[in-house]
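# Structural overview
These are the residues of each chain, in order.
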Amino acid sequence: MRRAARWTAVGPYVLGVTGILAALIVWELYSAFGPVSQHHLPPPSVVLPTFFTNLTFTQFWLTMGQTMWAWFLGLGIATLGGVAVGLLIGSSNFLRSATHTTIEFLRPIPAVGLIPLAALLFGPRIGAELMIVVYGCFWIVMIQVLYGITDIDKVANDTVHTMRMTWLQRVRHLVLPTLLPYLMTGIRIAATVALILAISSELIVGTPGIGRSVAQAQLNDNPPAMIALILTSGLLGILVNLIFRFIERKVLFWHSSVRSEVAV
């Protein structure tokens, strides 16, 4: 029983590390013996030293800071706008019906499809990046807010009206507890999408950040630097997801889904 409990605790980490090592070995062998030239696909024994060397450069951290600043601003604006518009539309049956067609038309438009328009409007500046990030993440947050409001129990809603609670009490005791799990999920998903869109817009439009550095490494015919920056983007995505999962567990400690996850 103790061995089983110990493996349950450390097993996922062991398997995760084993998977990473296996992937690096396959990458190394494919680079050495595969059909692709080592110049275009350098092995991890070349890329990883470049990655760790980047950590010693001030310019690398400034570049990462530019990406994360655009990510933070875009996610923040999208979250505030999504919550405000979602609450406004969700609180009115008339607005829900009136805006349904428009939302269903605009929501599927990919944010990267707006990159040419953003480039024309703002050029290689942060405004173009924010336009792409805000558009892509706004719909994620807003739709989750609408789902949360729709999920409010009708019996509980009638009870609140019977008790003649104030608007603030209704929001605190009924709307917020129902809405919060949906909202946290939306923000967590939007956080990862925001990073993807920020780096994509930097790559294509040329706004300062990791994406532009990747494009410059490609133009300079420096595959190790290019792949090292791509790995940096992936690690940032993992870190963002872990941070928001941690925040979600702390905020929703009272929710059944989090309690069951902790119990497992």
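Everything here concerns the structure above.
Notes on the structure follow. (Residues numbered from 1 in each chain as written. Predicted model: local features only at pLDDT ≥ 70, side-chain atom pairs only at ≥ 80, totals over all residues. Heavy atoms only, no water.)

For the protein chain, the count of helices and strands is 11 helices and 0 strands. In the protein chain, the succession of α and β elements from N to C terminus is α-α-α-α-α-α-α-α-α-α-α. Relative to its full complement of 264 residues, the protein chain shows a buried share of 38%. Contacts spanning at least 24 positions in sequence make up 71% of the contacts within the protein chain whose residues lie at least 6 apart. When the accessible surface of the protein chain is split by element, carbon and sulfur atoms take 70% of a total near 16000 Å². (Helix = DSSP H or I, 4+ residues; strand = E, 2+ residues; numbered from the N terminus. Buried < 20%, exposed > 50% of the residue type's maximum accessible area, 1.4 Å probe, protein only. Contact = heavy atoms within 4.5 Å. Areas by Shrake-Rupley, 256 points an atom, 1.4 Å probe, with all protein chains shown as cover.)

With that out of the way, let us pick up the pattern of salt bridges. Applying the stated criterion to the full structure yields 2 salt bridges. Note that Arg107 and Glu104 form a salt bridge whose closest N and O atoms lie 3.0 Å from each other. On the accessibility criterion, Arg107 (33% relative accessible area) is partly exposed. Judged by relative accessible area, Glu104 falls into the partly exposed class, the value being 34%. In this structure, Arg188 and Glu248 form a salt bridge, with 2.7 Å as the shortest nitrogen-oxygen distance. Of this pair, Arg188 sits in helix H8 (residues 167–205) while Glu248 sits in helix H10 (residues 223–251), and the two are 60 residues apart along the sequence. Take Arg188: its relative accessible area is 14%, and that puts it in the buried class. (Salt bridge = Lys/Arg side-chain N within 4 Å of Asp/Glu carboxyl O.)

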